[in-house]
Structure formats: C-alpha cells, structure tokens
Amino acid sequence: MKILYCNCTYAKVVPLEVKKDVLRRLSDSGQAFDAVADLCDMSARKDPALNKIASGGCTKIAACYPRAVKWLFHAAGTPVPDEGIKVLNMREDSADNIVRELLT
Amino acid sequence: MTRTEGKNLRVVLYEGPGSTRLEDDERFQTLSTLLDNGFEVTRPVAGQEVAPADDAPVLVLGLLDKHPPATPGQEVHFRSLSDGDPLGAAREVRETTGARKLEAWKPWFPVIDFDRCTNCMQCLTFCLFDVYGVDKQQQITVQNEDNCKTDCPACSRVCPEVAILFPKYGKGPINGDIVKEEDIQREAMKVDISTLLGGDLYGALRTRQRDARKRFSTERDESKALLERKRCLSKLKKDLDIPDEVLMTLPTAEDIEERTARARAKLEKRQAKSQTVRDKQATTTDWGI
Ligand code: SF4
Ligand code: SF4
C-alpha cells in the first residue's frame, strides 16, 4: 500500500492547519510515503510520476475532493483504476480522520 | 521552457543504513520547507512501498555517513543535512541538473469530468485563449493549460453539464465537490453561447477574438472607456468571479443578462409543464385508476 500526500503548495484552498497536522503525523509515523508539492501542477505537466502513483496496487491519497483528483490524473493521461485508490479530502475532513485512514 | 514543461527534482529523505536517523522535528521541518518551495519528497522506509524511480533527477538528503546505493542509470546527487540547509541543497542541485524551477505559478486550468461531459464544445467555443482543443477521437480536451487566465472560472459557467472543474476554486461544485440537483438547475439557466455568437460559431469566434484583442489594447490607453466598461461589467464580475482582463473580451453584461432572462423564462415554462404532468399523474393515482 502506497501513500501520497499533496501539499497543495500553490494555493490556499486546503486549510493550513489540516495539511500541516497530517504531514507532521505522517512524518512521525515511521511510514514510507511520497509527498508532492502540488498534484494540480503535476497534472498540468502530465508528469510521468503520476503514472507510477496511479498504477501498481493500492494507494491512499491525501489531497482534496475525490472527483477533482480523479480527473486530474485522467487529464495527465494516467487515469487511476476504479479499484484500490482511496482519496482523502483535506479540504473537508479533519486531520484526525485523514491520518487514521492513511495509517490503517 | 513553459510553465508546464520540464522534469522535477525528486528529493529522497533518507534515514536508512549509512545514515543517522533524523529527529522528528527536523524531519518535519525539512519535509515542510521542501514541499512549500515546490519540491517533491519521498520518504522511503525499508520493506515499504513508495513510487518507483523514473528518469527524473534525484537528490538524496539525510545525515549521511556514506552514500546509499543508487539505481543504475539514474542521475543521483547526495547531500548531507549536516552540511547546512536542505532548501539550499535542493536549489543548488536543481540548478546543476537543469530540473524545472517553478516557484510562482498557481496551476490554474480547467479539468474535465468525462463522466458528465457530453462533448457539446461550448467551452471550446467560449474560451478566447485557446485553452481547449479536440483530440484525434474528436473529444474535447484541455490542450493549453498555460494559456488559462488565473482565477478565471468563466468556462465552467458556460458548461451546461457542470463538467468543468477548477480544483483550486473556492466553491463547489467547480472545486470538485459533488454536483447536486440545484447545481444542475442553476446551470440550465446559463448563457447559451452558441446563440449569443450567432450561427457560424467558429467564424464569429475568430472575428470576436480579433476584435476583442484590438479593443482591449485600444481601451487600455483610454481610461475613460475602460472605466465605463468596468462599471458595466462589475455586476457580472461579482456574480461569476471572472477577472477584469477576461471580462474585457466577453459579451457585455447586458447581452448576458438578456440571454439569462430568456433562458430563465424557458426553464420556468419547462418546469411549469413538467409540474402539470406531475399533477396529472398525482390525480390519476389519487383516483386509483
Ligand atoms: S489536487 Fe487538490 S490538494 Fe492537490 S494541489 Fe490540486 S487542489 Fe490542491
Ligand atoms: S461545455 Fe461542458 S459538456 Fe460541453 S464539451 Fe465542454 S466540458 Fe463537455
């Protein structure tokens, strides 16, 4: 199972306290993960790294609305499979819930 | 290099054999600083999965005693965190490798929800900046993300299917939140751009683009004309969140208001008609026939 954390660096749409709290607890957890500055930016660049994230088994993604994340991957030419990808929404959900979902 | 070209430097925060484990605070600060400055960071842990290596350049950062093994064929650079600040190291390696440097753009561009899109092409017709195109399968596509005007969600207002997202927009459903029934109702009242532009959509669009550019550059010097137009458009701006620069090239507020009023009347008529059908059905059921 892979974990991807999106820092949403280039806009202030994800509450700062939520994303910092999630990152802090992920960082302290001893869990391996990939963290990207901004998934939107990667999608705009059709970054091949998205392909690696989208393929190869289960992935949990801490970012924003699942519909946005799904179509951002699709726009990059690397659609995510219907099964095995879980998107956690840091715009709406609490850091507690996100971290619990990420680490279990 | 445009804003959407080039490879990113991947930073690997290494704490495995041949290095000293980082304090929790230092690890978090390093991660946070690198991400806030546009770098991508991987934290590998033995026996756990991360995204595999690709051909992007890699910087391995850590309290390194010796260099950990690198993937053959990959450009890998090593810097020890004891040498100084991680951001400085990442910037320096980014320069050396020619990796993409991008610290000041907001990735703002439309993303199409193809579960909803009907390929009607209204967005392509509407956008003056060549953001949209058509792929080999004649399917609408976003082809020039760079051209999109930051913070302008205008085309999403035009889409009759609520199929255009701007993930960095404030409000739903444009930000990717689920589309509710009332959103669809609202979209049904939107400006029908094809009617607005007349019959020959593409011809009209070409002329309009040319005129709009000319008009915008002339009006720039004539502050009075600009002010007048701004006044005229301020209501629309407030309602739709569209920047001035884009508004200057759109139909006037009057045009749009007139079209909206007509669309609303049409919708009300349609709703009244369907209400009548429902009433009839209800009556039928009441009588048990
Ligand atoms: S995917 Fe969502 S959380 Fe990530 S950068 Fe885009 S808007 Fe921000
Ligand atoms: S306006 Fe909406 S439905 Fe029509 S082609 Fe564009 S995205 Fe698809």
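First things first, this report covers the structure right here in the doc. The model shown is predicted, which means the values in this text are computed figures rather than measured ones.

1. Some words on the overall build of chain A
Then, in step 1: Along chain A, the regular secondary structure elements total five helices and four strands.
Then, in step 2: Beginning at the N terminus, the succession of helices and strands in chain A can be written as β-α-β-α-α-β-α-β-α.
Then, in step 3: Relative to a compact globule of 104 residues, whose C-alpha radius of gyration would be 13 Å, chain A shows 13 Å and is just as compact.
Then, in step 4: Nonlocal contacts in chain A, meaning residues at least 24 apart in sequence, comprise 74% of its contacts between residues at least 6 apart.
Then, in step 5: Accessible surface, chain A: about 3800 Å² in total, of which carbon and sulfur atoms supply 54%.
Then, in step 6: The averaged location of the 13 negative side-chain charges in chain A is 3 Å from the averaged location of its 15 positive side-chain charges.

2. Section: the interface of chain A and chain B
Then, in step 1: Counting from both sides, the interface comprises 45 residues of chain A and, opposite them, 55 residues of chain B.
Then, in step 2: With both chains or domains summed, chain A and chain B bury close to 4100 Å², and 51% of this area falls on carbon and sulfur atoms.
Then, in step 3: Contact with chain B buries area across many residues of chain A, yet Y10, R67 and W71 of chain A alone supply 18% of it, more than any other trio.
Then, in step 4: Our enumeration of links across chain A and chain B arrives at nine salt bridges.

3. Notes on the pattern of salt bridges
Then, in step 1: Overall, the coordinates contain 21 salt bridges over all chains when judged by the stated rule.
Then, in step 2: A salt bridge links K46 of chain A to E145 of chain B, with the shortest nitrogen-to-oxygen separation between them at 3.0 Å. Of this pair, K46 of chain A sits in the loop between α2 (39–44) and α3 (49–54) while E145 of chain B sits in the loop between β8 (140–142) and α4 (154–158), on two different chains.
Then, in step 3: The class for K46 of chain A is partly exposed, based on a relative accessible area of 39%.

4. Points about the packing of helix α1 (residues 16–28) of chain A against helix α5 (residues 95–103) of chain A
Residues and elements named next belong to chain A.
Then, in step 1: Interhelical geometry of α1 versus α5 gives an angle of 35° and a closest axis separation of 9 Å. α5 is crossed by α1, and the crossing has right-handed handedness. For the pair α1 and α5, contact is made by V18, D21, V22, R25 and L26 and by A95, D96, I98, V99, L102 and L103, respectively.
Then, in step 2: Looking at the contact of α1 with α5 residue by residue, the classes come out as eight nonpolar, no polar and three charged.

5. Details of the packing of aromatic side chains
Residues and elements named next belong to chain B.
Then, in step 1: Considering all chains together, one arrives at three aromatic pairs over all chains under this definition.
Then, in step 2: One aromatic cluster is present, formed by W108, F166 and Y169 through successive ring pairs.
Then, in step 3: Here K149 stacks its cationic end above the ring of F129, 4.6 Å away from the centre of that ring.

6. Focus: the site of ligand 1
Then, in step 1: Inspection of the region around ligand 1 gives C6, C8, V14, D38, L39, C40, A63, C64 and L72 of chain A together with P167 and K168 of chain B as its neighbouring residues.
Then, in step 2: At ligand 1, the nearby residues belong to more than one chain, namely chains A and B.
Then, in step 3: When grouped by side-chain class, the residues that make up the shell around ligand 1 number nine nonpolar, no polar and two charged.

7. Structural notes on the nonpolar core
Then, in step 1: Ranked by size, the top nonpolar core spans 51 residues in total, and within it L39, I61, V69 and F73 of chain A together with Y132 and F166 of chain B carry the most contacts.
Then, in step 2: With five residues, the top contributor of residues to this core is helix α4 (residues 66–75) of chain A.
Then, in step 3: Judged by nonpolar contacts, the second largest core, of 38 residues, contains I3 of chain A together with L22, F28 and L34 of chain B.

8. A closer look at the site of ligand 2
Then, in step 1: Taken together, the neighbourhood of ligand 2 is formed by C117, T118, N119, C120, M121, Q122, C123, I140, C159, P160, E161 and I164 of chain B.
Then, in step 2: Residues belonging to the shell around ligand 2 are distributed by class as follows: eight nonpolar, three polar and one charged.

Cut-offs applied
Residues numbered from 1 in each chain as written. Chains lettered and ligands numbered in written order. Predicted model: local features only at pLDDT ≥ 70, side-chain atom pairs only at ≥ 80, totals over all residues. Heavy atoms only, no water. Helix = DSSP H or I, 4+ residues; strand = E, 2+ residues; numbered from the N terminus. Rg over C-alpha atoms; globule rule 2.2 N^0.38 Å. Contact = heavy atoms within 4.5 Å. Areas by Shrake-Rupley, 256 points an atom, 1.4 Å probe, with all protein chains shown as cover. Lys, Arg positive; Asp, Glu negative; His and termini not counted. Charge placed at Lys NZ, Arg CZ, Asp CG, Glu CD. Buried area = accessible area lost by both parts, 1.4 Å probe. Salt bridge = Lys/Arg side-chain N within 4 Å of Asp/Glu carboxyl O. Buried < 20%, exposed > 50% of the residue type's maximum accessible area, 1.4 Å probe, protein only. Axes fitted to C-alpha atoms, helices over the stretch in contact; angles between N-to-C directions. Left-handed = near helix turned anticlockwise from the far one by under 90°. Nonpolar A, V, L, I, M, F, W, Y, C, P; charged D, E, K, R; others polar. Phe/Tyr/Trp six-rings, centres within 6.5 Å; stacked < 30°, edge-to-face > 60°. Lys NZ or Arg CZ within 6 Å of the ring centre and 35° of its normal. Near = heavy atom within 4 Å. Core = buried A, V, L, I, M, F, W, Y, C linked by side-chain atoms within 4.5 Å.

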